[in-house]
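# Remarks on the overall topology
Letter by letter, the chains look like this.
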Amino acid sequence: MPGDRTPSLVNGQAVKVKALYLTGPKCGVALDHYIDVANKTEINALVIDIKETAVNYEPNVPLCQELKLYTKYYDADEVIKKCHENGIYVIGRIVVFRDNALAQKKPAYAIHKPDGSFWLENKSKTGAWTSPAVPEVLDYNIEIAKDAVTRGFDEIQFDYVRFPTVTKSNQAAYPADMPDKIDVIDGFLKKASDAIKAVREVPVSADVFGIIAESVSDGKAIGQQLEMLGMNADVLNPMVYPSHYANAGSGIMGNGVGQQVNGVLFTAPDLHPYDVVLQTLLKIKKRSAVQEGFKAGIRPYLQDFTAGYIKNPAYYQTYGAKQLREQIQAVYDAGYEEWILWNGKNVYSEDGLLPEGAD
């Protein structure tokens, strides 16, 4: 039934998540700074990388131990203890299928090209993915998640819970008897959620491309269908970064036209953070409202970085406190209450955060 999602609780108290994302290395050296930010501002949660490729602490997972697929960036038990002492909700992020380390150590687990060679993202030697069609890959990630919840992580967030984006010149080969990609990804989420909740009743969330709200074909190509995901996850985290939508230019992110979102055409989406986020979330709300059994809460990832890689100043702007507040307001105006800020370097527009206790 709609509304039966597992609640977000820290120290037994319900939380409306307002979070910052932290990499494993940053967590290891600067956690106190982000705890201080949370104590002084509206921030009440941290998303901490458990696994990008190697696990960021020493887990009690046999395959991690056997293949040495971990780096001791932080002590998970100490991190959880310190965060909980400060009333901070801790979300553990696990990058699932984009896993070069496991693919290289276990080639049978990797996605391959038709000629048998590794499929490589951007043809990079470190861009191998593990295959969602290999049961051992699913089990490996689930074991990492189970270990994390025993340590006290309040939620497990799966990222790259999808198939890779392929091109005609860089095709990937999958088993002939593999189910539809959407069924594979949904099956993983259901299996993972059941296994995690058998250890501890915590929410399971999934990161999804914001564009899947608008484009069914894009979602189908990577195995992410909004309606199905919302039946198997407690929370969906659509990445609604305005810079990631197509612009009308001819360079990076340019398609000569722009991107239509919920009936509105944006030719320079990065210049309109409020409107892009609002229209994406309204489209998500429209689609999820008519899906029986859709239980997931919506907690978007918001852009707190400048997309200088677009290069053409007609299609990007410097992001700071103003653009941050515009996106947050869009979340509220769309009828949602939770959000996460993303900056890959973990440098946030702290002057755009409201003081603790402010409305």
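Structure: above.
Here's what I pulled together on the structure shown here.

What counts and what doesn't
- Counting of residues starts from 1 at the beginning of each chain's written sequence and follows it residue by residue.
- Per-residue local features of the predicted model are confined to residues with pLDDT of at least 70, and side-chain atom pairs are confined, for both listing and counting, to 80 or more; whole-chain, interface and lining totals are unaffected and use all residues.
- Water and hydrogen atoms were dropped before computing side-chain values, which therefore reflect all heavy atoms in the structure.
- For helices the rule is a DSSP run of H or I covering at least 4 residues; for strands it is a run of E covering at least 2, with both sets numbered from the N terminus onward.
- To get the radius of gyration, use the C-alpha atoms; to get the globule rule, take the number of residues to the power 0.38 and multiply by 2.2 Å.
- Only protein chains enter the accessibility calculation, which uses a 1.4 Å probe; a residue whose area is less than 20% of its type maximum is buried, one above 50% is exposed, and one in between is partly exposed.
- Positive charges are assigned to Lys and Arg, negative charges to Asp and Glu, while His and the chain termini are left out of the count.
- Charged side chains are reduced to one point each, which is NZ for Lys, CZ for Arg, CG for Asp and CD for Glu.
- To qualify as a nonpolar core, a set must consist of buried Ala, Val, Leu, Ile, Met, Phe, Trp, Tyr and Cys residues joined through side-chain atoms within 4.5 Å.
- The contact criterion used is simple: two residues touch if any of their non-hydrogen atoms lie within 4.5 Å.
- Note: two strands are recorded as paired if DSSP finds a minimum of 2 bridges between them.
- When the strands point away from the viewer and the connection leading from the first strand across the helix to the second strand turns clockwise, the crossover is called right-handed.
- By convention in these notes, a salt bridge is any Lys or Arg side-chain nitrogen within 4 Å of a carboxyl oxygen on Asp or Glu.
- Two rings from Phe, Tyr or Trp (for Trp, the six-membered ring) form a pair when their centres sit within 6.5 Å of each other. Planes less than 30 degrees apart are called stacked, planes more than 60 degrees apart edge-to-face, and all others tilted.
- Ring-over charges, as used throughout, are those where CZ of Arg or NZ of Lys falls within 6 Å of the ring centre and within 35 degrees of the ring normal.
- Patches here are clusters of residues that have more than 30% relative accessible area and form no salt bridge, with a 9 Å joining cutoff for like charges and a 5 Å cutoff for nonpolar side chains (Val, Leu, Ile, Met, Phe, Trp, Tyr).
- A 1.4 Å probe and the Shrake-Rupley method give the accessible areas. Residues count as covered only by the protein chains that appear here.
- A pocket here means an open set of points on a 1 Å grid, computed over the protein atoms alone, that has protein on both sides within 12 Å along at least five of seven lines. A cavity is instead a set of points where a 1.4 Å probe fits but cannot get out; residues with an atom within 4 Å of a point line either one.
- Grid points are joined across faces, edges and corners, and a volume is the space filled by probe spheres set on the points.
- All amino acids are sorted into three groups, where Ala, Val, Leu, Ile, Met, Phe, Trp, Tyr, Cys and Pro are nonpolar, Asp, Glu, Lys and Arg are charged, and the leftover types, Gly among them, are polar.
- A helix is expected to span 1.5 Å multiplied by its residue count minus one.
- Directions from the helix axis toward the C-beta atoms define the arc.
- In protein, a polar contact requires one atom able to donate a hydrogen and another able to accept it; more generally it is a pair of N or O atoms within 3.5 Å, and residues adjacent in sequence count only if both atoms are side-chain atoms.

## Details of the overall build of the protein chain
Helices and strands together make up the secondary structure of the protein chain, namely ten helices and 13 strands. Radius of gyration (C-alpha) of the protein chain: 20 Å, near the 21 Å computed for a compact globule of 359 residues. Across its three principal directions, the C-alpha atoms of the protein chain cover 50 × 50 × 40 Å. Going through the 359 residues of the protein chain one by one, you find that 56% of them count as buried. One finds the centroid of the 37 positive side-chain charges in the protein chain at a distance of 5 Å from the centroid of its 45 negative side-chain charges.

## Some details on the nonpolar core
One broad rule of soluble globular proteins: the nonpolar side chains tend to lie buried together. Grouped together as the largest cluster of nonpolar side chains are 109 residues, with contacts concentrated most on I50, F158 and L236. At eight residues, helix α5 (residues 135-151) tops the list of elements feeding residues into this core. Each residue touching F158, except ones within four places of it in the same chain, is listed here: I94, V96, A145, F188, L189, A192, I196, V204, S205, A206 and D207.

## Here's the deal with the side chain of S288
Take S288: it is sitting in helix α9 (residues 273-289). Those residues within four positions of S288 in sequence are excluded, and the remaining contacts are F294 and Y336.

## Focus on the pairing of strand β7 (residues 204-209)
For β7, the tally of buried residues reaches five of six residues, placing the bulk of the element in the interior. The sheet contact formed by strand β6 (residues 155-159) and β7 spans three bridges and is parallel. Bridging across to β7, F158 finds its partner in A206. A crossover connection joins β6 to the parallel β7 through helix α6 (residues 181-199); in handedness this β-α-β unit is right-handed. Here five bridges tie β7 to strand β8 (residues 235-239), and the two strands are oriented parallel to one another.

## Thoughts on the pattern of salt bridges
Evaluated as defined, the whole model comprises 26 salt bridges. Of the charged contacts in the structure, one is a salt bridge between R299 and E338, with a shortest N-O distance of 3.9 Å. With R299 in the loop between β11 (297-298) and β12 (301-303) and E338 in the loop between α10 (321-333) and β13 (339-342), the pair connects residues that are 39 residues apart, well separated along the chain. Summarising the burial analysis for this pair, R299 and E338 share the class buried. A network of salt bridges, in which partner residues are shared, links D49, E52, R93, R98 and D159.

## Comments concerning the packing of aromatic side chains
Scanning all chains against the criterion turns up ten aromatic pairs. When the centroid spacing of 5.1 Å and the interplanar angle of 65° are considered together, the rings of F158 and F188 count as edge-to-face. Remark: F188 occurs in helix α6 and F158 occurs in strand β6; sequence separation between them is 30 residues. Residue F158 shares its accessibility class with F188, and that shared class is buried. With a centroid separation of 5.7 Å and an interplanar angle of 80°, the aromatic rings of Y301 and W342 are classed as edge-to-face. Linking Y301 in strand β12 with W342 in strand β13, this pair joins segments that are 41 residues apart in sequence. Judged by its relative accessible area of 1%, Y301 falls in the buried class. Of the aromatic side chains, those joined through ring pairs into one cluster are Y21, Y301 and W342. The ring of Y160 carries the charged tip of R98 above its face, separated from the ring centre by 4.2 Å. Taking the ring centre of Y336 as reference, the NZ or CZ of K285 above it sits at 4.8 Å.

## Details of the side chain of D207
Mapped onto the secondary structure, D207 falls in strand β7. Here D207 sits buried without a salt bridge, and the closest side chain of opposite charge, R93, lies 4.2 Å off (N-O distance). Other than its neighbours up to four places away in sequence, D207 contacts R93, Q157, F158, D159, V161, Q224, N237, M239 and Y301.

## Brief notes about a nonpolar patch on the surface
A cluster of nonpolar side chains, I252, M253 and Y309, forms an exposed patch at the surface whose accessible area comes to about 240 Å². By secondary structure assignment, the location of M253 is in the loop between β8 and β9 (259-261). Accessibility expressed as a relative area gives 31% for M253, which makes it partly exposed.

## Digging into the layout of surface pockets
Rolling a probe over the atoms, with the probe sized like a water molecule, indicates the empty space that remains. Considering only enclosed or pocket space, the largest pocket measures out at about 1000 Å³ in volume. Contributing to the lining of the largest pocket are 37 residues, with R162, F209, M239, Y241 and H244 lying nearest its centre. The residue inventory of the lining of the largest pocket, partitioned by class, reads 18 nonpolar, nine polar and ten charged.

## Quick notes on α6
The first and last C-alpha atoms of α6 sit 28 Å apart over 19 residues, in line with the 27 Å expected at 1.5 Å per residue. Buried residues of α6: I182, V184, I185, D186, F188, L189, A192, S193, I196 and K197, and no others.

## Observations concerning helix α3 (residues 76-85)
Taken residue by residue, α3 has A76, V79, I80, C83 and H84 as its buried positions. Projected onto a plane normal to the axis of α3, the buried residues spread over an arc of 120° and lie on a single side. Buried residues along α3 sit in contact with β1 (9-10), α1 (24-40), β4 (45-51), β5 (89-95) and α5. The distance from a side-chain oxygen at the start of α3 to the backbone nitrogen of D77 is 3.0 Å, and the residue carrying that oxygen is D75. Of the residues flanking the end of α3, it is G87, one or two places downstream, whose phi is positive at about 70°.

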